[in-house]
Amino acid sequence: MIAAWYATDRLRRWAGPGGTVAAIDSRLRAVIEDKAAFDALLEAAGVPQRMRIPCVRVEEKLPSLAELRRRVGSKRLVVQAGADSGGRGTVFVDHDADLGVVVKCGSVNRTALSRNRW
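Residues numbered from 1 in each chain as written. Predicted model: local features only at pLDDT ≥ 70, side-chain atom pairs only at ≥ 80, totals over all residues. Heavy atoms only, no water.

### Topic: the overall build of the protein
Then step 1. Per the secondary structure count, the protein includes 5 helices and 6 strands.
Then step 2. Taken from N to C terminus, the helices and strands of the protein fall in the order β-α-β-α-α-β-α-β-β-α-β.
Then step 3. Residue burial in the protein is summarised as follows: out of 118 residues, 31% are buried.
Then step 4. Sequence-distant contacts in the protein: of pairs separated by 6 or more residues, those separated by 24 or more amount to 52%. (Helix = DSSP H or I, 4+ residues; strand = E, 2+ residues; numbered from the N terminus. Buried < 20%, exposed > 50% of the residue type's maximum accessible area, 1.4 Å probe, protein only. Contact = heavy atoms within 4.5 Å.)

Here is the structure:
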């Protein structure tokens, strides 16, 4: 038996015929942990808007900080790029220079307001 965060073909090969990989399927993980699609996932699950953190999905070129603040309704933003765990791809944005870090992360991103003590 191999225990892991998520299953991969490599782990399945290592487990061998009849072996077990105790992990979430990588395709299911990609859906659940897709930060840019998280709000849509919550909406599809019936979570009311008032219980979700305001956010926007950005697929095109990243807008200016002023435009992102206008869309989200917050001065401090959290931008999450890609589908990864452990905080990689998450950037707290307070200044225009912070957006340069976001651009390096690439991928579709989710931009949300930052809440203290959330």
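The rest of the description comes next.
### Re the pairing of strand E2 (residues 21-24)
Then step 1. Looking at chain direction, strand E1 (residues 2-6) and E2 are connected through 3 bridges and run parallel. Bridge pairing in E2 links Ile2 to Val21.
Then step 2. This β-α-β element, E1 to helix H1 (residues 9-15) to E2, shows right-handed connectivity. (Pairing = 2+ DSSP bridges. Right-handed = clockwise from strand over helix to strand, strands pointing away.)

### As for the packing of aromatic side chains
Then step 1. Inspection of every chain in the model, using the stated rule, returns 0 aromatic pairs.
Then step 2. Between the NZ or CZ atom of Arg29 and the centre of the ring of Tyr6, over which it lies, the distance is 3.9 Å. (Phe/Tyr/Trp six-rings, centres within 6.5 Å; stacked < 30°, edge-to-face > 60°. Lys NZ or Arg CZ within 6 Å of the ring centre and 35° of its normal.)

### Quick look at the nonpolar core
Then step 1. Core analysis: the biggest nonpolar cluster contains 12 residues, these being Val56, Val58, Leu62, Leu65, Leu68, Val72, Leu77, Val79, Val91, Val93, Leu99 and Val102.
Then step 2. Of all the secondary structure elements, the ones that give two or more residues to this core are strand E3 (55-58), helix H4 (65-72), strand E4 (77-81), strand E5 (90-93) and helix H5 (96-105).
Then step 3. By residue number, the principal contributor to this core is H4, which donates 3 residues. (Core = buried A, V, L, I, M, F, W, Y, C linked by side-chain atoms within 4.5 Å.)

### Regarding the pattern of salt bridges
Then step 1. For the coordinates displayed, the defined rule picks out 7 salt bridges.
Then step 2. As a salt-bridge pair, Arg12 and Asp25 come within 3.4 Å of each other at their nearest N and O atoms. Of this pair, Arg12 sits in helix H1 while Asp25 sits in the loop between E2 and helix H2 (26-32); the two residues are 13 residues apart in sequence, bridging distant segments of the chain.
Then step 3. Take Arg12: its relative accessible area is 35%, and that puts it in the partly exposed class. (Salt bridge = Lys/Arg side-chain N within 4 Å of Asp/Glu carboxyl O.)

### Things to note about the environment of Ala7
Then step 1. Tracing the chain through its elements places Ala7 in the loop between E1 and H1.
Then step 2. Among the residues examined, Ala7 registers a relative accessible area of 5% and is labelled buried.
Then step 3. Here the alpha-carbon distance between Ala7 and Ser26, two residues 19 residues apart in the chain, equals 5.4 Å.
Then step 4. Once residues lying within four places of it in the same chain are set aside, the contact partners of Ala7 are Arg12, Val21, Ala23, Ile24, Asp25 and Ser26.

### Examining the environment of Leu42
Then step 1. With respect to the helices, strands and loops of the structure, Leu42 is situated in helix H3 (residues 38-44).
Then step 2. In the structure, Leu42 is positioned 10 residues away from Arg52 in sequence and 7.8 Å away in space, judged by C-alpha atoms.

### Here's the deal with the environment of Val56
Then step 1. The residue Val56 is located in strand E3 in this model.
Then step 2. Judged by its relative accessible area of 17%, Val56 is buried.
Then step 3. As for Val56 and Asp39, which are separated by 17 residues in sequence, their C-alpha atoms are 8.5 Å apart.

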